[in-house]
Amino acid sequence: MGFKDFHVHFVGVSGIGLSAVAYLSLKMGLRVSGCSDEENEQTEMLKKSGMRYNFKHHPSHVEGSSLVVRSAAVPDDNEEIQAAKDLKIPVLYYSEYLGILMAQKIGIGVAGTHGKTTTTGMLSEILSEAELYPTIVCGGVLNRFGSNAVYGHGDFFITEACEYKRNFLDLPRYYSIVTNIEAEHLDYYKDLDDILSAFRAYIQSSKLKTIVNGDDRNISRIVSSENIKNVVKVGYSDTCDYRICDVLVDNGHYSFRLASENCKTERIRLSVPGKFNVENAALAAACSFEIGVAEEPIVSGLTNYRGTKRRLEVLLENENIIVYSDYAHHPTEIIRTISALRELHPEEKILVVFQPHQYSRTKIFLREFSEVLSNADGVILMEIYGQRDSEETKRSISIVDLFELLRKRVKNPVYCTYSEQELLKIFGDNNLLDFFSVIIFMGAGSIDDVARRFVRKL
């Protein structure tokens, strides 16, 4: 069988990760097909690039395939997965296939509870500015490239490395980054110690160096161990190998310098808002220095970085209102995003339209969600977006539980809705556009689609 006759079929190809490796496979000259339960801009892009696409699943779609690659969100009883097994066609998870592609180059994995996508994007921008032509797999659509994947002819392969089910251990890496560690994905991990054990294995399996947030308490619990080698610490404290210093903020946008033992960079001015992005940028810069990139493309790359879709993405801006879409779905991400908006719009009222992601996550962080959302001037809660949730978990929690808890905490307006029609009615009946000039749609589910349809109706 020739290389171009090798046929890879992707099950759940509309997902941000699987669509990226499907695109790389097309660029490599493989025959590619895929299917999903929803069509989106990723499936449209892949169809235009030459992928044979089928809407919805059917056993016949896998016939003639050399390999089937599945999303982790696809259940084991999926008819295409079962058909592939019956036909004795090998089936790999996304992370396993990504690892195969990554092994052909010098791999750089970007892991952490928060900031993976942005740090991946920043590092990609730097290496592109340095004309190293990296291959890139990102958890968001990079504004520079208009895609979540880039097939580069250079030596480096940069990818976001997700810790869910320890998937990041499937990725062969020469360099690794860890942005931070918190309790997350508790539908899989038993507790924080279980999560730390996964990150410890991730750091230990990096072939050359791991660049970490040296100020993060949970990371420090790992790297303080004697058997953890070749760790480069980045942060504000004096014990870090690369120190963030001379931080300034102007209208919500930050600048800083990065100092190492013998030198200090020029001032790095970020175009994306939020103090948390100083840490993300410093990690990307330190990693770039460690692989031998010069200062000039590091500084210019970070200054030129314009973010990704769904990370404080502006959907509409006029003299009366600004509407954002953001991927935040964990309490820490929500409070960081609201804080960034306060710095950008200190005099404006902020309305958060929030769709919780997963019933299990909503149940585990119910009180924390109510605490962070209380920092907004108003909140509209939409029905929970279910993914990988059992029927038992779905019955144990509802959006009303969060609504009632939040309403007890705040005097600001709080609403609860189950549909887009109800959402529009809430805006109209309460004249919310007259009261709120900053509106942010927030969550990791279908809320982004809701936000874009909402903007089109304004």
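Below you will find a few notes about this structure. Because the structure is a prediction, the values reported are computed rather than measured. (Residues numbered from 1 in each chain as written. Predicted model: local features only at pLDDT ≥ 70, side-chain atom pairs only at ≥ 80, totals over all residues. Heavy atoms only, no water.)

## Re the sheet that holds strand E20 (residues 414-417)
- Pairing in this open sheet of six strands is mixed, and the strands run E16-E17-E21-E18-E19-E20 from one edge to the other. Either end of the sheet is taken by a strand with one partner, and the two such strands are strand E16 (313-317) and E20. Shown here is a sheet whose adjacent strand axes are inclined to one another by a mean of 15°, direction ignored.
- Note: strand E18 (residues 350-354) against strand E21 (residues 438-442), five bridges, orientation parallel. If you follow valine 353 over to E21, its bridge partner there is phenylalanine 441. (Pairing = 2+ DSSP bridges. Helix = DSSP H or I, 4+ residues; strand = E, 2+ residues; numbered from the N terminus. Axes fitted to C-alpha atoms, helices over the stretch in contact; angles between N-to-C directions.)

## Looking at the nonpolar core
- By size, the foremost hydrophobic cluster in this structure holds 44 residues, and its most contacted members are Phe10, Tyr97, Val178, Ile181 and Phe199.
- Contributions of two or more residues to this core are made by strand E1 (7-11), helix H1 (16-27), strand E4 (67-70), helix H4 (94-102), helix H6 (192-204) and helix H7 (217-223).
- It is H1 that contributes the most residues to this core, seven residues altogether.
- Of all hydrophobic cores here, the second largest spans 35 residues; its members include Leu123, Ile211, Ile268 and Ala286. (Core = buried A, V, L, I, M, F, W, Y, C linked by side-chain atoms within 4.5 Å. Buried < 20%, exposed > 50% of the residue type's maximum accessible area, 1.4 Å probe, protein only.)

## Some thoughts on the sheet that holds strand E11 (residues 209-213)
- Spatial strand order, E8-E7-E9-E6-E10-E11-E12-E13-E14-E15: ten strands in an open sheet with mixed pairing. Looking along the sheet, the strands with just one partner apiece sit at the ends: strand E8 (147-150) and strand E15 (268-269).
- Pairing geometry for strand E14 (residues 253-259) and E15, over two bridges, is antiparallel. Across the sheet, phenylalanine 256 pairs through a bridge with isoleucine 268, a residue of E15.
- Sheet contacts for H6: strand E6 (106-111), strand E10 (175-178), E11 and strand E12 (231-235); angle to E10, the most-contacted strand, approximately 150°.
- Taken strand by strand, helix H8 (residues 276-290) contacts E6, E10, E11, E12, strand E13 (242-250) and E14, and its axis lies near 160° from that of E11. (Contact = heavy atoms within 4.5 Å.)

## Focus: the environment of isoleucine 81
- With respect to the secondary-structure elements, isoleucine 81 resides in helix H3 (residues 79-86).
- Spatially, the C-alpha atom of isoleucine 81 lies 9.1 Å from that of valine 69, the residues being twelve residues apart in sequence.
- Not counting chain neighbours up to four residues away, the residues in contact with isoleucine 81 comprise Val11, Val68, Arg70, Val74, Pro75, Asp76 and Val91.

## Points about the packing of aromatic side chains
- Overall, the coordinates contain eleven aromatic pairs when judged by the stated rule.
- Residues phenylalanine 365 and phenylalanine 369 carry aromatic rings whose centres are separated by 6.4 Å and whose planes lie at 85° to one another, so their mutual orientation is edge-to-face. Exposure class is identical for phenylalanine 365 and phenylalanine 369. Each is buried.
- Ring geometry for phenylalanine 427 versus phenylalanine 454: centroids 4.7 Å apart, planes at 45°, classification tilted. Of this pair, phenylalanine 427 sits in helix H15 (residues 420-429) while phenylalanine 454 is found in helix H17 (residues 447-457), placing the two residues 27 residues apart along the sequence. The pair formed by phenylalanine 427 and phenylalanine 454 is uniform in burial state, with each residue classed as buried.
- Aromatic ring contacts, followed pair by pair, group Tyr164, Tyr188 and Tyr189 into a single cluster.
- Taking NZ or CZ as reference, arginine 311 lies 4.3 Å from the ring centre of tyrosine 327, over its face.
- Above the ring of tyrosine 164, the side-chain terminus of arginine 388 is found at 3.9 Å from the ring centroid. (Phe/Tyr/Trp six-rings, centres within 6.5 Å; stacked < 30°, edge-to-face > 60°. Lys NZ or Arg CZ within 6 Å of the ring centre and 35° of its normal.)

## Quick look at the pattern of salt bridges
- Counting across every chain of the model gives 22 salt bridges.
- Notably, a salt bridge pairs glutamate 39 with lysine 47, separated by 3.5 Å at the nearest N-O pair.
- Of the charged contacts, one joins aspartate 246 and lysine 264 as a salt bridge, the two residues approaching to 3.4 Å between their closest N and O atoms. Placement of aspartate 246 in strand E13 and of lysine 264 in the loop between E14 and E15 is noted, with a sequence separation of 18 residues between them.
- Exposure remark for aspartate 246: the relative accessible area of 36% places this residue in the partly exposed category.
- Connected through shared salt-bridge partners, Arg310, Glu313, Asp448 and Arg452 make up one network. (Salt bridge = Lys/Arg side-chain N within 4 Å of Asp/Glu carboxyl O.)

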